[in-house]
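Fold and geometry: a report
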Amino acid sequence: MNCMVSHFMQDLNSLNIEKLEKWFTDETVLWIPPTEEISGKTRILALFRAIFRRYENIEWSVSEIFPLGNNKFFYQTNSLGNMYGKGTYKNEICTIIQFSECGKIQYLSDYFKDTNIFN
């Protein structure tokens, strides 16, 4: 199942919404504190479109994946890119992700080390 995380991150790095679409369902919940949780494929994909528009380029690199059981994982990521109007962006992220039995994302939550860039 670790490969599910790697495959999802490959699709995320493509910045291609069509590749991301296959990972989500109408029951998927995404939470990126301090914002409220959002649920549903349509809303989640709209959020990713908005995120991608903020960057000239961005890439995520997974450094560690920890299985938690029940198709749930905790993983560490480094992100690097350029934000429009703000220059170089670099951050460390910890993510909790849970997959359904059929490989869809049920729950995803990101925790950023540095949130100042978003203010």
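What you are looking at is a predicted structure, and each value in this text was computed from that prediction instead of being measured. (Residues numbered from 1 in each chain as written. Predicted model: local features only at pLDDT ≥ 70, side-chain atom pairs only at ≥ 80, totals over all residues. Heavy atoms only, no water.)

**Here's the deal with the pattern of salt bridges**
Applying the stated criterion across every chain yields a total of two salt bridges. In this structure, the salt-bridge partner of lysine 22 is aspartate 11, at a minimum N-O distance of 3.1 Å. Taken as a pair, lysine 22 in the loop between α2 (17-21) and β1 (29-31) and aspartate 11 in helix α1 (residues 2-13) lie far apart in primary sequence, eleven residues in all. Classification of aspartate 11 as buried rests on a relative accessible area of 10%. The partner of lysine 113 in a salt bridge is glutamate 92, and the shortest N-O contact between them spans 3.6 Å. Highlighted residues: lysine 113 in the segment after β6 (105-112) and glutamate 92 in strand β5 (residues 87-99), separated in sequence by 21 residues. (Salt bridge = Lys/Arg side-chain N within 4 Å of Asp/Glu carboxyl O. Helix = DSSP H or I, 4+ residues; strand = E, 2+ residues; numbered from the N terminus. Buried < 20%, exposed > 50% of the residue type's maximum accessible area, 1.4 Å probe, protein only.)

**A few points about the environment of glutamate 37**
Mapping glutamate 37 onto the fold places it in the loop between β1 and β2 (38-39). Glutamate 37 sits 25 residues away from valine 62 along the chain, and the two C-alpha atoms are 23 Å apart. Residues within four places of glutamate 37 in sequence aside, it is in contact with Val29, Leu30, Trp31 and Tyr107. (Contact = heavy atoms within 4.5 Å.)

**With respect to the nonpolar core**
With 29 residues, the main nonpolar core has Phe8, Leu20, Phe24, Phe48 and Ile97 as its most contacted residues. Those elements that place two or more of their residues in this core are α1, α2, α3 (41-53), β3 (55-69), β4 (72-83), β5 and β6. Element by element, the count of residues in this core is highest for α1, at five residues. Among residues more than four places away in sequence, those in contact with leucine 20 are Phe8, Asp11, Leu12, Leu45, Phe48 and Phe52. (Core = buried A, V, L, I, M, F, W, Y, C linked by side-chain atoms within 4.5 Å.)

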